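Chain and residue survey
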Amino acid sequence: MTESAPKAKYRSDYQSPSHFISDVNLTFDLHERDTHVTAISTVKQNTDSTTLLLDGEGIELVAVHIDGQVWSDYKQLKSGLELSNLPAEFELKIENKISPITNSALEGLYLSDGAYCTQCEAEGFRRITYFLDRPDVLATYTTKVIADKVAFPHLLSNGNKVEEGEVDTQRHYVIWQDPHPKPCYLFALVAGDFDVLRDQYTTRSGRKVALEIFVDKGNLDRANHAMVSLINSMKWDEERFGLEYDLDIYMIVAVDFFNMGAMENKGLNVFNSKFVLANEKTATDTDYLGIEAVIGHEYFHNWTGNRVTCRDWFQLSLKEGLTVFRDQEFSSDLGSRAVNRINNVRIIRGPQFAEDASPMSHPIRPEKVIEMNNFYTLTVYEKGSEVIRMMHTLLGEGKFQAGMKLYFDRHDGTAATCEDFVCAMEDASGIDLTQFRRWYSQSGTPTVSVKANYDENTKTYALTLTQRTKPTQDQQEKQALHIPFDVELYDSEGNVLELQCNGGAVGNVLSFTQQEQTFVFENVDTEPTPSMLREFSAPVKLEFDYSDEQLAFLMIHARNEFAKWDAGQMLLAKYVKSNVEAVLNQQAITLPELVIDAFRGVILNDQLDPAFIAEVLSLPSFNEVAGWYDIVSVDAVCDVLKGVKHIIATELKDELSATYHSLGQQDYSVNHSAIAKRALRNLCLQYLATMEEYASLVSNQFDVANNMTDTIAAMVAANSSSLPIRQNLMDRYSDDWSHDGLVMDKWFALQGSNPSDNALENVKACMSHTAFSLSNPNRVRSLIGSFLNMNPRRFHDKSGSGYQFAGEILRSLNESNPQVASRLIDPLLKFKKYDAKRQALIIVELEKLKAMDNLANDLYEKVTKALDA
Ligand code: B3K
Ligand code: ZN
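Predicted model, so just to flag it, every value in this text is computed and none were measured. (Residues numbered from 1 in each chain as written. Chains lettered and ligands numbered in written order. Predicted model: local features only at pLDDT ≥ 70, side-chain atom pairs only at ≥ 80, totals over all residues. Heavy atoms only, no water.)

**Regarding the overall build of the protein chain**
Along its length, the protein chain carries 27 helices and 33 strands. Radius of gyration (C-alpha) of the protein chain: 28 Å, near the 29 Å computed for a compact globule of 869 residues. Along the three orthogonal principal directions, the C-alpha set of the protein chain runs to about 90 × 65 × 60 Å. Burial statistics for the protein chain: of 869 residues in total, 61% are counted as buried. Partitioning the intrachain contacts of the protein chain with sequence separation of at least 6 by distance along the chain shows that 70% fall at a separation of at least 24. Here the protein chain has roughly 33,000 Å² of accessible surface; of this, 47% comes from carbon and sulfur atoms. Within the protein chain, one finds 83 positive and 122 negative side-chain charges whose respective centroids are separated by 2 Å. (Helix = DSSP H or I, 4+ residues; strand = E, 2+ residues; numbered from the N terminus. Rg over C-alpha atoms; globule rule 2.2 N^0.38 Å. Buried < 20%, exposed > 50% of the residue type's maximum accessible area, 1.4 Å probe, protein only. Contact = heavy atoms within 4.5 Å. Areas by Shrake-Rupley, 256 points an atom, 1.4 Å probe, with all protein chains shown as cover. Lys, Arg positive; Asp, Glu negative; His and termini not counted. Charge placed at Lys NZ, Arg CZ, Asp CG, Glu CD.)

Okay, structure coming up:
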């Protein structure tokens, strides 16, 4: 373990900074090993302290000047620089050196395939220079970048370009000025040799904005979709939120080495190339939709995150939850609302619920943090977005937008808190959100159990709701939450009943605020079928004893697609659970005719969107199913998911095959209807591939595919059904694409999730593939991440070989890139979900990590939480 244990920070300890910095003048003289940074800041005392503690990590101090004079009254500490006896206002000049080429953690200034780039959120700026690296210190930035002319023709930073010129015959410079005050986490610098895709956008009020997307040389033909998505985002934010862009230029740079998806630096987004580059040969429909969502997300941060930022990092969900909500709405307005909602709900019900139940469980606004990078979580982002969505449901679009407007009126240009946001929503709407605020402070997943009672004499239908949140590791006591509970009642003909309570009509969204609460609906002539938690109106687990007939009924009659899908999922869940029991008792896996017929009805319904049908026919993932159990029987669940898939395939063979053949398309285009057809056709292929007789359909699709979506669908089918042609398809793909890491990521992911016995040896062998590198986060996530997260059978092999492999990789990444290591470790933290033997094997690996003398804070925080549990 580390010599002195890392210290946690608490939300309750927030204090405003001792000093503010109003503007910064930065100069970067770029050299691989020896970049010289000069930072001249205007500093003003904010408290009575004459001491200023600047953050700094891994940097070499060269000189300190105050008001032009050499300053020697300072101490260099492990985590920064302490300046003492300072005047009330002064100009601070710091000179220091950094070494981008040895920066493998990809935080601060580093090299990505020869191009300089930065990543400062959350606390990376302190690896660039000594600074008040906290989001409530907002300054205007002027940045001069100097580098070799030939190797780095493009020198970029935030804001507008104000000057450029030559330093000498070899080196040139550019000066950028960002007029908008920002925290240092939004600072960015890029220097490299790129191809540039250019366009222009004119905002609603007439501002002309230059749009530039920088990609590696030769990749220009893969940048169009990103540009279209950017323009769509700018337009959508004006139309739906009334928000316009505020600079004359918007730049996006795609880099291959990046720890996450993208970063919203003011005016200069840096993106993982995965979320920029796409053409039909290299990218799937899912990639295209991912690009649209991430381009939108980063663009929307310009207002929710940049113009109004976070006071401290505990408030992260203020910008992330809200911006995820905005990007989900963007994708839903542009594409299929139902399909988007389904996919977002799958994330909550699968990995987010799992996080809520894990040793890392935390509220969307955490109380205690050791390493901030560990809190860019599904809880803060996705559950955070659900919390915003619940407010939207309670207020309605009109009042919600009034709340947004008030929020910007009050907080534009400042650093705000989650409380500020809720206050704005409350003040603009007049709706009391006092109890609702508990969603910000309470962790864990509530379960809502419902009991129904129909009284024929009084013609009333009563729903009694109880809510309970299990204790979580971080919080034992749980309180009742304000849950918007959206409900509809159907008569036996499938007509929707108007809801009436206490003699008057009521809306569909019930405010469920107590531990137990009964809602009595009047004038209900016959016993109705309830459709509940419609649109997943709150991030909770629903328990209700539906009969198979009621669920099949809702799959047909529910008015909205999400409710139909959800009924289908509940029906599947019942039979996944009962079959797990059966398998554990050595009985056969079965599905009743009613279930088969219900799904047959959906596949044959030509009124439904094919993309939606594909969602209805998709089984829950292993990880989602695992969440239904305290201790999960890995092999039984895998057997059941495979068995149920096979039964549906054999029973619906004719319908699946006919649908497959009816949905072929000559040309490839990326629009909702074309994507929807491919989605359903490829879903049919996945089912058909479970039957030997259809192996040739898979290889034929691979042979004739004119786009990556169809190619990958064939490979996924061959991989998951372990078809004999699998190896041949894998080899041909690798022959075509070994030169392109991004395209090879799909191949690596298939290797990682390969269900066959020798998957682990193959994964190890793949680490020597020319396209693989442990220093590239995308490669690591594709190959190793998919083995840990998407290959339950092999990762949880009883021998412990999967866990040992994970341990080895984690020990290596702990040194080179702790952030990537910390993401990868998550499945190991959940060891309590497995049997005693597996638990013991995982604990061995966690203990080995804990014993390392250079364990990074990122892993320290997670490993100790898991072992303390
Ligand atoms: N704000 C960044 C995430 C930064 C992660 C730091 N470890 C991307 C985003 O959410 O848009
Ligand atoms: Zn974000």
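**Some thoughts on the UniProt feature "domain: Aminopeptidase N-like N-terminal" (unreviewed entry) in the protein chain**
UniProt feature "domain: Aminopeptidase N-like N-terminal" (unreviewed entry): in the numbering of this structure it lies at residues 42-186. The straight-line gap between the two end C-alpha atoms of residues 42-186 is 18 Å; of that span, 0% is helix and 54% is strand. (UniProt positions renumbered as here; feature names shortened; annotations may be inferred.)

**Some details on the pattern of salt bridges**
Evaluated as defined, the whole model comprises 64 salt bridges. For Arg311, the salt bridge goes to Asp312, with nearest N and O atoms at 2.8 Å. Note on Asp312: relative accessible area 7%, which makes it buried. Residues Lys383 and Asp356 are paired through a salt bridge, measuring 3.4 Å at the closest nitrogen-oxygen approach. Highlighted residues: Lys383 in helix H5 (residues 378-411) and Asp356 in helix H4 (residues 337-356), separated in sequence by 27 residues. Of the two residues, Lys383 and Asp356, neither departs from the other in class, the shared state being buried. Several salt bridges converge on common partners, so that one network encompasses Arg240, Glu329, Asp333, Arg337, Arg389 and Glu397. (Salt bridge = Lys/Arg side-chain N within 4 Å of Asp/Glu carboxyl O.)

**Quick notes on the site of ligand 1**
Neighbouring residues of ligand 1: 15 residues in total, closest Glu121, Glu264, Glu298, Asn373 and Tyr381. Tyr381 places a polar side-chain atom, nitrogen or oxygen, 2.4 Å from an oxygen atom of ligand 1. Within the side chain of Gln819, an N or O atom sits 3.4 Å from a nitrogen atom of ligand 1. Calculation on ligand 1 without its partners gives an accessible area of 340 Å², and the protein chains cover 95% of this total. Sorting the residues of the shell around ligand 1 by element identifies strand S20 (262-263), helix H2 (285-300) and helix H3 (316-334) as the ones contributing at least two each. Here the residues of the shell around ligand 1 sort into six nonpolar, four polar and five charged. (Near = heavy atom within 4 Å. Polar contact = N/O pair within 3.5 Å; in protein donor to acceptor, adjacent residues only side chain to side chain. Nonpolar A, V, L, I, M, F, W, Y, C, P; charged D, E, K, R; others polar.)

**As for the packing of helix H19 (residues 741-753) against helix H20 (residues 759-766)**
Direction vectors running N to C along H19 and H20 enclose 150°, while the axes themselves pass 8 Å from each other. The pairing of H19 with H20 is recorded here as roughly antiparallel in orientation. Counting all contacts with H19, which are made through Trp747, Phe748, Gln751 and Gly752, the residues of H20 involved are Asn762, Val763 and Cys766. Of the residues contributing to the contact of H19 with H20, the split by class is four nonpolar, three polar and no charged. (Axes fitted to C-alpha atoms, helices over the stretch in contact; angles between N-to-C directions. Parallel < 35°, antiparallel > 145°, perpendicular 65-115°, else oblique.)

**Observations regarding the coordination of the zinc ion (ligand 2)**
Those protein atoms acting as donors to the zinc ion (ligand 2) are His297 (NE2), His301 (NE2) and Glu320 (OE), and they sit at 1.9 to 2.1 Å. In terms of primary sequence, the donors binding the zinc ion (ligand 2) are separated according to H-x3-H-x18-E. Comparing His297 with His301, the two get one shared label, buried. (Donors = N, O, S within 2.8 Å, 3.2 Å for Na, K, Ca; no water.)

**Here we look at helix H16 (residues 695-704)**
Residues of H16 that are buried: Ala695, Leu697, Val698, Ser699, Gln701 and Phe702. Contacts from the buried residues of H16 go to helix H14 (653-662), helix H15 (672-688), helix H17 (708-720) and helix H18 (726-737).

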